Amino acid sequence: AEMRTSLNPVRKVVNMLQAMQKKVEAEGEAEKELYDKFMCWCKTGDSDLSESIANANDKAPAVTAAIEAGEGKLAQAKEDLKSAQVERAAAKE
């Protein structure tokens, strides 16, 4: 009789459904953890991103000024080079 209950088709279906229930519950827990991590990232990521943008906007004028100063130095260096080349050419003659 024990052999017969282990082969009972209804028992097989019940066992299969119980196994599926455990699997679905485990997947649900994993999804919940991922969701919680994502929501945490959304909450903290927004403020981090806003802070980063604000810092970049604060630095923009300084970077622009540094670029303009560099361009000025480059123009001066080019003028100095031209005058040095002219002086060198004149000295050779």
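Residues numbered from 1 in each chain as written. Predicted model: local features only at pLDDT ≥ 70, side-chain atom pairs only at ≥ 80, totals over all residues. Heavy atoms only, no water.

A. How the structure looks around the overall build of the protein. A count of helical and extended segments in the protein gives two helices and zero strands. Relative to its length of 93 residues, the protein is extended, with a C-alpha radius of gyration of 37 Å against a globular reference of 12 Å. The principal-axis extents of the C-alpha atoms in the protein amount to approximately 120 × 35 × 10 Å. The 93 residues of the protein split such that 1% are buried. Total accessible area on the protein stands at roughly 8600 Å², and carbon and sulfur atoms take up 61% of it. Side chains of the protein carry 14 positive and 17 negative charges; the gap between the two charge centres is 10 Å. (Helix = DSSP H or I, 4+ residues; strand = E, 2+ residues; numbered from the N terminus. Rg over C-alpha atoms; globule rule 2.2 N^0.38 Å. Buried < 20%, exposed > 50% of the residue type's maximum accessible area, 1.4 Å probe, protein only. Areas by Shrake-Rupley, 256 points an atom, 1.4 Å probe, with all protein chains shown as cover. Lys, Arg positive; Asp, Glu negative; His and termini not counted. Charge placed at Lys NZ, Arg CZ, Asp CG, Glu CD.)

B. Representation of the pattern of salt bridges in the model. Under the counting rule described, the total for this entry stands at one salt bridge. In this structure, the salt-bridge partner of Asp36 is Lys32, at a minimum N-O distance of 3.1 Å. Of this pair, Asp36 and Lys32 are both found in helix 2 (residues 9–92), four residues apart, which corresponds to roughly one turn of the helix. What makes Lys32 partly exposed here is its relative accessible area of 46%. (Salt bridge = Lys/Arg side-chain N within 4 Å of Asp/Glu carboxyl O.)

C. Main features of the environment of Gly45. Tracing the sequence through the fold places Gly45 in helix 2. When the C-alpha positions of Gly45 and Arg88 are compared, they lie 60 Å apart, and in sequence the two are 43 residues distant.

D. A nonpolar patch on the surface, seen in detail. Among the surface-exposed residues, Val13, Met16, Leu17 and Met20 lie close enough to one another that they form a single nonpolar patch of about 380 Å² accessible area. Counting through the fold element by element, Met16 comes out in helix 2. We classify Met16 as partly exposed; its relative accessible area is 47%. (Patch = residues over 30% accessible without salt bridge, like charges linked within 9 Å, V, L, I, M, F, W, Y side chains within 5 Å.)

E. Here's a closer look at helix 2. Its 84 residues place the ends of helix 2 only 109 Å apart at the C-alpha level, less than the 124 Å of an ideal helix rising 1.5 Å per residue. If you look at helix 2, its biggest bend is around 35 degrees, right at Ala60, and the proline Pro61 turns up within four residues after that. Looking at where helix 2 begins, the residue whose side-chain oxygen comes 3.1 Å from the main-chain nitrogen of Val10 is Asn8. (Expected span 1.5 Å × (residues − 1). Bend = angle between axes of the 7 residues up to and from the residue. Polar contact = N/O pair within 3.5 Å; in protein donor to acceptor, adjacent residues only side chain to side chain.)

F. Examining the environment of Ala56 more closely. One can find Ala56 in helix 2. Separated by 31 residues in the primary sequence, Ala56 and Glu87 place their C-alpha atoms 45 Å from one another.

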